[in-house]
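Residue strings, one per chain:
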Amino acid sequence: MKKNERGMTIIVKTVSRLVARIMLLFGLYVVLHGQVTHGGGFAGGVVMALVFILILMAFGKDGALKSFSRSAAVITAGIGLILLVIIALIGYVRGHFFANFLGPGWPFEFWSAGVIPFLNVAIGLVVLGCLYGIIVALTHFHSELHPEGHKQ
Amino acid sequence: MTEKLFPLFVAIPLAGAFLIALLGWKKKGLPEIVGALIPCGLFAYSIKALLFTFKNGIAVHHLGGWLPPVGILIGADGLTTFMLVIVHGVAACVALYATDYIKKYTSPWIFYVLFLVILAGMNGVLTTCDFFNLFVFMEIASLAACTLVAFGTERHELEAGFKYGVMNTIGALFILLGIALLYGYTSELNMADISNILASKGPSRLVTLATIFFLVGFGLKAALVPFHAWLPDAHPSAPAPISALLSGLIIKSLGIYSLFRILVCVIGMTPLLTNILLFMGALSMGTGAVLAMGQKDFKRLLAYSSLSQVGYIVFGLALGTPLGILGGLFHMFNHSVGKSLLFLTAGSVEYTTGTRNLDEMGGLSRRLPVTGSASLAGAMSISGIPPFGGFFSKLIIIFAAVQAGHVGYAIWAVAAGILTLFYLMKAMRQAFQGPLLEKWKMVQEVPWRMRVSMITLAFICLTGGLLLLPQLKGLFLNQASKVLLNGAMYSSTWGGFKP
Amino acid sequence: MILYMFCFLLFSIGLYGVMRKRNVIKIITGIIICEYAANLFFILIGYRMGGRAPILSHETVMENMVDPLPQAVVLTTIVIGLATTIVLVALAVRLYEKYGTFDITKIEELKG
């Protein structure tokens, strides 16, 4: 292994390179189908965050930050939160806070829950940004404590 | 139209916090403007809400338009709007103060995000009618507060933050267990419905166990004496605006308000419970006053003083007589304003001189005239000197204790009051009177926004006694005390929403 | 009944960990155990013998389902627990950075 190369072995790197996009797709699926399957914003958001945490583990912190920077994580979480409040406030203008202003749709179909898919997307963004940001922040502490620990 | 107002008390601070989280770290000045404007705007709203509940009694909003057996309610009665006015009045002054104070820390936008999240959590606790929402909002507020206690990230701040976090989580888990027991017994989470079912089913051992869990959990949140260990560490270690918020508002809305809302309005008081609360209140009074005597750290002394004053509030409210509840609520108001003011002035002294040790201060009122006189006003209000509000509230509590036949407790309260006067005046003399030390010759008075907020709070301290005038008393104090006095009426006034 | 008692036993084990252990990480572990005990208790309250998952689909009949409300509540509680744990762990890391130890008796500087 080269001296300044970070992260784990080539096997882990190759596998995670292959798997990452599929995992991201699965996370998106879980988020978007939250209203008809068992899942939703939180579960899908965790899956999507795990993709970037996998990259962080396989390629080291720099590799992960290249694909998803810290400020991007903050902005992702912020957009999700703002979206959540906006949806709630649109419902508020229509009569009740968090009111479902889109109507019920067709049961067991994709459009079956009115505003809930949008809430799921918002929560998914929040969880993705927050969880990834937290792990990055904690590894930041770690690399401050053990500056030589990353050079393996 | 006005009953639609109440969800906004949670939504607007949260929206502001999210806006700052999204944009604040880039745009300079935006966090300060948003963070100061939101509490001021909500203060105006809370006055409107107070007038509304005075006219109509209660206000209910159905979240998402779902009716009660399924849906979650947000609502308010006289006690809620009373607390909302206190919370936003003090929070507005604190936010104005913080705009200058927080400049000495790095990344002030994080401070404003967490400040607004605390505000949203407190408003949620105050306006919710649902047990589980109460728990969630309480955890939101305490986690944000825990992070803000450790905001300085120095040794003591971190230690105090860790202690606060551990104790508060344990308290919250006790509350969760209590909620689970009540849910198992009644299959409901709505407070009014639970109150109805408990009244019809009669007493049970499960409810007693749940009551004990609530007592421990909210006792930890309100820092009543056997559970007070976190308070004297956490309150001094936080930045001064957060100390003011913690001491003035958080222990009251998360601890005392929730405790009495649940015990009086939902479960119902029993004589044994009254005696336990009276004893805990009296114990807090004495312990806090005695421990405050020997303190050298200005903010730590104030934290112990908070412990003692919380004892007064709980004692007054637990008496259960009209006079006692009136005194307890009035003391809650006076202590919120006065103790926030004292913490802010302690913060001003730390801001200008960089020390909290009382022995190193002296004669500071010559260099810091506004801080000195504001601090004196706060100390006189807390310790109960006649023209100030605190005198009347303590007097009412002591009269109520005598009237209810607890003469021993009344004497104890008077003794604790004398101790309060002694230690606060000693601190004032050490800090602001006497000869000016050489090293403080160059000290400058604090910036104008800090001065304005301190003067405002001092003015409220001075004129607080006017709230006992018959015209204002009916509007502000009486409608709150009516709720606690007719606790058993809670379910019937809030019920009837079932379709 | 005995299951509920075990929940309280688990809660007491967590409390013991919080009160008696000296290591910061072990205290956090104690809090996590307490949380799990409370969650388990809440879930068990909504459970019904031989019940099925409360999920509506085309062919299911609405009978003998477990109570879905505690499950929704516990999901929220788990997320809150996650947030609490993260805050405490971050504080513990910073504490280690400042003091160089996880021993709470050596960290204790605030007294009196």
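Look up a bit, the structure's there.
The following paragraphs examine the structure supplied in this document. (Residues numbered from 1 in each chain as written. Chains lettered and ligands numbered in written order. Predicted model: local features only at pLDDT ≥ 70, side-chain atom pairs only at ≥ 80, totals over all residues. Heavy atoms only, no water.)

Comments concerning the overall build of chain A
Item 1. Helix and strand counts for chain A come out as four helices and zero strands.
Item 2. Each helix and strand of chain A, placed in order from N terminus to C terminus, yields the pattern α-α-α-α.
Item 3. Within chain A, the proportion of its 152 residues that are buried is 38%.
Item 4. Counted over contacts in chain A with a minimum sequence separation of 6, partners at least 24 positions apart contribute 65%. (Helix = DSSP H or I, 4+ residues; strand = E, 2+ residues; numbered from the N terminus. Buried < 20%, exposed > 50% of the residue type's maximum accessible area, 1.4 Å probe, protein only. Contact = heavy atoms within 4.5 Å.)

What to know about the interface of chain B and chain C
Item 1. The interface is formed by 38 residues belonging to chain B together with 38 residues belonging to chain C.
Item 2. Summed over both sides, the interface of chain B with chain C buries roughly 3400 Å², with 79% coming from carbon and sulfur.
Item 3. In terms of surface lost to chain C, no three residues of chain B exceed R155(B), F162(B) and Y183(B), which account for 21% of the buried area on that side.
Item 4. Linking chain B to chain C there are three residue pairs in polar contact (both at pLDDT 80 or more).
Item 5. Of all the secondary-structure elements, those providing two or more residues to the side of chain B that touches chain C are helix 5 (131-149), helix 6 (155-186), helix 9 (231-237) and helix 12 (298-319) of chain B.
Item 6. For the side of chain B that touches chain C, the element with the most residues is helix 6 of chain B, which contributes 21 residues.
Item 7. Residues that form the side of chain B that touches chain C fall into these classes: 22 nonpolar, nine polar and seven charged. (Buried area = accessible area lost by both parts, 1.4 Å probe. Polar contact = N/O pair within 3.5 Å; in protein donor to acceptor, adjacent residues only side chain to side chain. Nonpolar A, V, L, I, M, F, W, Y, C, P; charged D, E, K, R; others polar.)

Observations regarding the nonpolar core
Item 1. Counting 229 residues, the largest nonpolar core has F82(B), F131(B), F214(B), F260(B) and L329(B) as its most contacted members.
Item 2. Among the elements that line this core, the one with the most residues is helix 10 (residues 240-267) of chain B, at 19 residues.
Item 3. Beyond its immediate sequence surroundings of up to four residues, F260(B) is in contact with C265(B), L277(B), V314(B), L317(B), A318(B) and L484(B).
Item 4. The next biggest cluster of nonpolar side chains, apart from the first, holds 16 residues, and it includes V31(A), V51(A), F68(A) and A73(A). (Core = buried A, V, L, I, M, F, W, Y, C linked by side-chain atoms within 4.5 Å.)

A word on the packing of helix 10 of chain B against helix 12 of chain B
Residues and elements named next belong to chain B.
Item 1. Look at helix 10 against helix 12: their axes get within 11 Å of each other, and the N-to-C directions meet at 20°. One finds that helix 10 runs roughly parallel with respect to helix 12. Read as a crossing pair, helix 10 and helix 12 show a hand that is right-handed. Where helix 10 abuts helix 12, its residues A240, S243, S247, I251, K252, I256 and F260 lie against K299, S306, V310, I313, V314, L317 and A318.
Item 2. Looking at the contact of helix 10 with helix 12, its residues break down into nine nonpolar, three polar and two charged. (Axes fitted to C-alpha atoms, helices over the stretch in contact; angles between N-to-C directions. Parallel < 35°, antiparallel > 145°, perpendicular 65-115°, else oblique. Left-handed = near helix turned anticlockwise from the far one by under 90°.)

Limitation: the analysis is restricted to geometry and does not speak to function.
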